[in-house]
Protein chains: 4
Amino acid sequence: MSTETTNMRTVAIRKSPRQKRSQEKVERILDEARLILTEQGLEQLTTNHIARRSGMSIGSIYQYFPNKQSILNELYLRWLKGVRDVVVGFDTDETNGRNFYEVAAELLPAIFQAELHSELDSRFQDELKKGMALYPELTEIEQEHGDIIVSTLSSLLYRVGVHIDDETRHHLAYFLYMQSDCLEAMLIDTNCSPEQAFTWFNQAIHGVMQNYLPDHDE
Amino acid sequence: MSTETTNMRTVAIRKSPRQKRSQEKVERILDEARLILTEQGLEQLTTNHIARRSGMSIGSIYQYFPNKQSILNELYLRWLKGVRDVVVGFDTDETNGRNFYEVAAELLPAIFQAELHSELDSRFQDELKKGMALYPELTEIEQEHGDIIVSTLSSLLYRVGVHIDDETRHHLAYFLYMQSDCLEAMLIDTNCSPEQAFTWFNQAIHGVMQNYLPDHDE
Amino acid sequence: MSTETTNMRTVAIRKSPRQKRSQEKVERILDEARLILTEQGLEQLTTNHIARRSGMSIGSIYQYFPNKQSILNELYLRWLKGVRDVVVGFDTDETNGRNFYEVAAELLPAIFQAELHSELDSRFQDELKKGMALYPELTEIEQEHGDIIVSTLSSLLYRVGVHIDDETRHHLAYFLYMQSDCLEAMLIDTNCSPEQAFTWFNQAIHGVMQNYLPDHDE
Amino acid sequence: MSTETTNMRTVAIRKSPRQKRSQEKVERILDEARLILTEQGLEQLTTNHIARRSGMSIGSIYQYFPNKQSILNELYLRWLKGVRDVVVGFDTDETNGRNFYEVAAELLPAIFQAELHSELDSRFQDELKKGMALYPELTEIEQEHGDIIVSTLSSLLYRVGVHIDDETRHHLAYFLYMQSDCLEAMLIDTNCSPEQAFTWFNQAIHGVMQNYLPDHDE
DNA sequence: GATGAATGAGATTTCATTCAT
DNA sequence: AATGAATGAAATCTCATTCAT
């Protein structure tokens with residue numbers, strides 16, 4: 001009965017919440033779950049707890065979500081979507097031929113903002129990641145998400161003039177994705193000034209990218 | 001009831017195991033716990049399970065560890081110590097005045113090797129991360145660990161000639177620490193060749209460090 | 001707290017469904033319940049399930065039945081009625097003075113046929129028995145049913161000439177009822193040929209009845 | 001998710017109760033379960049209920065039985081064993097060549113006594129049978145049991161001189177098994193005198209068996 | 001010191017039934 | 001009459017921890 005063999009459960013939201021009332025309830029559940037995660041951590045995220053705090057009955061929770069994990073799932077999906085939308089938003093013809101460093105200078109802060117609206121969200125994100133460790137399904141979701149991000153970044157690289165073989169470009173995109181992750185960690189975990197951080201990461205990225213870009217610098 | 005204050009339990013090992021027998025028991029418990037974690041996952045890591053597999057009684061476990069969490073704690077501490085030792089091992093007078101890039105070229109692979117000895121260890125590490133999801137104390141341990149690593153790297157930076165103000169050097173050390181993390185993720189998650197990855201990360205590090213290092217390159 | 005007094009709930013059908021529409025709804029509920037029982041088993045027989053499948057609201061179900069149990073009750077009553085009707089159908093003046101063995105030779109197969117119309121019904125019957133396991137009231141219904149059958153058989157015995165004291169005749173009727181049960185079990189559980197089974201049971205019945213019947217055989 | 005597909009669970013007793021203490025606990029649990037079944041019926045047989053009534057903690061129940069069903073299982077197994085032992089006890093060379101009716105006259109009351117020690121046991125038996133309807137595993141147990149009984153009876157028939165083909169003799173054994181069941185039902189459900197009942201069933205059996213037995217009667 | 005039986009809080013989930021709309 | 005969202009009691013089972021022996 002190792003984790004790998006956990007039988008796949010349905011984790012989709014139960015009712016397609018067309019009606020406003022239903023939608024509100026779903027939101028209330030998710031909001032409360034997010035608050036518990038942020039304030040008390042994953043261990044305290046029990047179904048009873050969510051019900052009590054959101055002023056609903058435990059039965060109501062199960063009217064909207066088939067099981068506890070699906071709540072975590074939904075939170076995670078929404079979280080990732082925010083980030084993905086930002087990146088995908090840049091993947092248009094308008095980016096074609098633009099200067100990479102300019103695009104990066106816009107993209108990085110945008111991603112950063114999408115991920116972290118507030119300090120609270122950083123705790124929330126941590127707890128979500130913990131949830132990922134526990135529920136393999138969440139990891140799958142993240143992998144898909146990561147694939148999309150990296151593919152999009154790869155496409156972006158092409159648009160700004162990186163015309164190398166697909167595989168290397170893909171790896172390069174992954175490298176950049178990682179850098180944005182690191183930047184985020186640095187801003188969260190240390191009191192380093194954003195300017196300093198941005199400068200360093202730009203230099204780091206520049207150190208690699210200068211070999212792949214046309215000579216915009218001159 | 002924020003997580004930090006939730007459990008103020010004692011998680012240190014119970015008896016300073018001076019006697020050889022005691023020490024052996026502690027090791028047996030930890031070994032068995034590691035095996036269960038690696039072979040069967042965190043879900044199967046129950047105190048009863050550990051007791052049965054290690055041929056001891058459940059009561060004996062509690063003679064040496066105040067609670068289950070402290071076992072995970074100890075495992076995690078030892079794991080981190082391995083990595084830390086590598087870094088700290090470079091923090092000697094012998095490093096004074098050495099070329100940074102040379103040191104980095106030795107340090108990065110060493111860290112990488114310390115973290116992942118084998119495939120088994122990667123499973124073990126995953127399960128430890130799950131443990132972190134459930135026991136906030138483990139997260140604290142990791143933070144302390146990170147602090148030590150970063151401090152040591154900062155000290156290393158000084159030794160190789162980065163004589164800037166302490167805070168900035170500390171941040172710079174953090175930046176380097178993150179880069180080693182990224183490198184690891186890249187090698188695990190993609191099929192990028194190690195050479196390629198090492199090249200990129202060296203270039204990235206170089207992009208930043210060249211501004212802080214004396215001109216060794218010439 | 002003996003079982004008999006545990007639930008003194010109303011289990012009768014709620015409204016005397018004079019109106020055609022109401023009657024139709026009652027039938028729809030019962031039909032759907034029977035289908036669920038046959039196709040999916042007692043575990044899936046939930047009020048929500050019945051409501052969804054019959055295209056009605058859960059509230060409507062409770063308009064026509066005071067509780068879930070009363071639905072099972074009604075199904076069971078109808079089922080038993082089928083068998084009872086067969087037996088009662090023989091309890092008319094036309095049977096007066098007929099040869100017992102002739103009557104028995106008609107009655108036994110008729111009962112058998114009434115109980116088991118098809119394979120589906122055997123599943124349905126099984127699931128009803130599960131229901132009996134959970135709802136003691138169903139057992140009471142079966143007892144009443146048995147009483148009626150036995151009384152009717154007793155009356156039949158009188159009609160064919162068994163003019164012994166009432167109590168003994170009642171017991172004799174019970175004996176015959178049991179024999180039909182055994183015959184059924186034998187035909188279901190073994191691959192014994194119906195002819196063989198009928199022969200044996202006729203011989204068994206004959207062994208007892210010959211002492212109570214006028215000498216038709218000669 | 002019909003009953004048939006219920007995944008087979010372990011239903012064996014958990015600890016081989018070598019120690020006296022353990023054995024006593026197992027007995028206490030089973031005794032209390034039997035009492036609940038007899039006094040309150042299958043619906044009231046919950047794990048919490050058993051724990052409370054037996055003055056043990058719910059955890060203790062699960063120390064000795066892996067799940068609720070296994071308790072019912074054990075009760076059923078023990079019950080059946082009593083009956084089986086009686087029948088099998090007759091299946092020795094000493095029975096060879098004995099008069100069938102004599103053997104039957106000893107066997108039937110013996111079976112009857114083994115099944116029903118008291119009035120209470122009849123209710124207990126009823127509830128066990130209900131349990132059978134709910135838990136398919138119990139049905140399997142009963143089928144095996146029935147097979148053993150019938151095979152043994154078939155062997156007995158051979159010993160007393162019924163030398164017909166195996167299949168028919170097997171069916172005949174089944175017929176006799178059913179008759180003992182009926183007799184039991186009659187004595188439980190009606191106030192018919194045991195003498196009367198035994199007489200009838202002997203006559204019934206005689207009606208069939210006279211065709212298969214050597215002429216002991218003369 | 002060692003044992004392991006006993007404990008019981010607590011987690012997830014179901015589903016009959018109610019009642020405001 | 002009809003609806004179906006809301007309720008919450010109740011059921012099964014786990015497992016960290018204690019403590020009498």
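What you see is a predicted model; the values in this text were computed from it and never measured. (Residues numbered from 1 in each chain as written. Chains lettered and ligands numbered in written order. Predicted model: local features only at pLDDT ≥ 70, side-chain atom pairs only at ≥ 80, totals over all residues. Heavy atoms only, no water.)

A few words now on the nonpolar core. Counting 76 residues, the largest nonpolar core has C:Phe100, C:Met209, D:Phe100 and D:Met209 as its most contacted members. The contacts of C:Met209, once residues within four sequence positions are left out, are C:Phe100, C:Tyr101, C:Leu157, C:Val162, C:Leu172 and C:Leu176. In terms of nonpolar packing, the next biggest core, distinct from the first, is built from 74 residues, A:Phe90, A:Ile149, B:Val150 and B:Leu156 among them. (Core = buried A, V, L, I, M, F, W, Y, C linked by side-chain atoms within 4.5 Å. Buried < 20%, exposed > 50% of the residue type's maximum accessible area, 1.4 Å probe, protein only. Contact = heavy atoms within 4.5 Å.)

Before going further, it helps to examine the UniProt feature "DNA-binding region" (unreviewed entry) in chain A. Taken from the UniProt record, the annotation "DNA-binding region" (unreviewed entry) applies to residues 46–65 of chain A. Annotated as residues 46–65 of chain A, this span is 70% helix and 0% strand, and its ends, taken at the C-alpha atoms, are 13 Å apart. (UniProt positions renumbered as here; feature names shortened; annotations may be inferred. Helix = DSSP H or I, 4+ residues; strand = E, 2+ residues; numbered from the N terminus.)

Right, let's get into the relation of the copies chain B and chain A. Rotating chain B by 175° and moving it 1.0 Å along the rotation axis overlays it on chain A with an RMSD of 1.3 Å. What we have between these two chains is a two-fold relation. By C-alpha distance to the rotation axis, the residue of chain B lying nearest is B:Ala204, at 1.6 Å. Interface overlap between copies is the fraction of interface residues in one copy that are interface residues in the other; for chain B against chain A it reaches 88%, indicating a shared surface. (Least-squares fit on C-alpha atoms with pLDDT ≥ 70 in both.)

Turning our attention to the pattern of salt bridges. All chains considered together, the criterion is met by 54 salt bridges over all chains. With a closest N to O distance of 2.9 Å, C:Lys81 and C:Asp85 form a salt bridge. Taken together, the residues span about one helical turn, with C:Lys81 and C:Asp85 both in helix H5 (residues 68–90) at a distance of 4 residues. One connected set of salt bridges, linked through shared partners, spans B:Glu43, B:Arg123, B:Glu127 and B:Lys130. (Salt bridge = Lys/Arg side-chain N within 4 Å of Asp/Glu carboxyl O.)

Contacts between the two partners involve 41 residues from chain B and, on the opposite side, 38 residues from chain A. A combined buried area of about 3200 Å² lies between chain B and chain A, and 60% of that area is made up of carbon and sulfur atoms. Looking at the side of chain B facing chain A, the largest losses of area belong to B:His171, B:Tyr174 and B:Trp200, adding up to 19% of the total buried there. Sorting the residues of the side of chain B that touches chain A by element identifies helix H1 (3–6), helix H7 (119–134), helix H8 (136–159), helix H9 (166–189) and helix H10 (194–209) of chain B as the ones contributing at least two each. No other element matches H9(B), which puts 12 residues into the side of chain B that touches chain A. When its residues are assigned to classes, the side of chain B that touches chain A shows 19 nonpolar, 15 polar and 7 charged. (Buried area = accessible area lost by both parts, 1.4 Å probe. Nonpolar A, V, L, I, M, F, W, Y, C, P; charged D, E, K, R; others polar.)

A word on the interface of chain C and chain D. At the junction of the two partners, chain C supplies 41 residues and chain D supplies 38 residues. Regarding the contact of chain C and chain D, the summed buried area is about 3200 Å², with carbon and sulfur atoms giving 60% of it. When the buried area of chain C at its contact with chain D is split by residue, C:His171, C:Tyr174 and C:Trp200 rank highest and sum to 19% of it. Remark: the boundary between chain C and chain D carries 0 salt bridges. At the boundary of chain C and chain D, one finds 12 residue pairs in polar contact (both at pLDDT 80 or more). Put simply, the parts of the chain that give the side of chain C that touches chain D at least two residues each are helix H1 (3–6), helix H7 (119–134), helix H8 (136–159), helix H9 (166–189) and helix H10 (194–209) of chain C. Top contributing element to the side of chain C that touches chain D by residue count: H9(C), with 12 residues. (Polar contact = N/O pair within 3.5 Å; in protein donor to acceptor, adjacent residues only side chain to side chain.)

Let us look at helix H9 (residues 194–209) of chain D. Here H9(D) is 16 residues long and its end C-alpha atoms lie 22 Å apart, about the 22 Å a rise of 1.5 Å per residue gives. Residues of H9(D) that are buried include every one of D:Ala197, D:Trp200, D:Phe201, D:Ala204, D:Ile205, D:Gly207, D:Val208 and D:Met209, and no others. (Expected span 1.5 Å × (residues − 1).)

Laying chain C over chain D is done by rotating through 175° and shifting 1.1 Å along the axis; what remains is an RMSD of 1.3 Å. Looking at the interface residues of chain C, 85% of them are also at the interface in chain D, so both copies use one shared face.

Glancing now at the side chain of A:Thr190. Within the secondary structure, A:Thr190 is located in the loop between helix H8 (166–189) and helix H9 (194–209). In terms of polar contacts, A:Thr190 uses its side chain to reach the backbone carbonyl oxygen of A:Met186, at 2.8 Å. There is a polar contact of 3.1 Å between the side chain of A:Thr190 and the backbone nitrogen of A:Cys192. The residues contacting A:Thr190, other than those within four sequence positions of it, are A:Ala185, B:His171 and B:Tyr174.

Now for the environment of B:Gln179. In this structure, B:Gln179 sits in helix H9. Judged by relative accessible area, which is 0%, B:Gln179 ranks as buried. The spacing of B:Gln179 and B:Phe201 is 22 residues in sequence and 7.1 Å in space, taken between C-alpha atoms. Excluding anything up to four places from it in sequence, B:Gln179 contacts A:Gln179, A:Phe201, B:Phe201, B:Ala204 and B:Ile205.

With that settled, the discussion passes to the state of the cysteines. Following the criterion strictly, the structure yields 2 disulfides over all chains and no others. For A:Cys182, the disulfide goes to B:Cys182, at an S-S distance of 2.3 Å. Between A:Cys182 and B:Cys182 the sulfur-sulfur dihedral comes to about 115°; the bridge is accordingly right-handed. Linking A:Cys182 in helix H8 with B:Cys182 in helix H9, this pair reaches from one chain into another. The same class applies to A:Cys182 and to B:Cys182, which are both buried. Unpaired in this structure, A:Cys192 has its nearest cysteine sulfur neighbour in A:Cys182, at a distance of 13 Å. The class for A:Cys192 is buried, based on a relative accessible area of 5%. (Disulfide = S-S within 2.5 Å.)

With that settled, consider the environment of A:Tyr135. All names here are of chain A. Tracing the backbone shows Tyr 135 in the loop between helix H6 (119–134) and helix H7 (136–159). The spacing of Tyr 135 and Asn 73 is 62 residues in sequence and 9.1 Å in space, taken between C-alpha atoms. Beyond its immediate stretch of four places on either side in the chain, Tyr 135 contacts Lys 68, Gln 69 and Leu 72.

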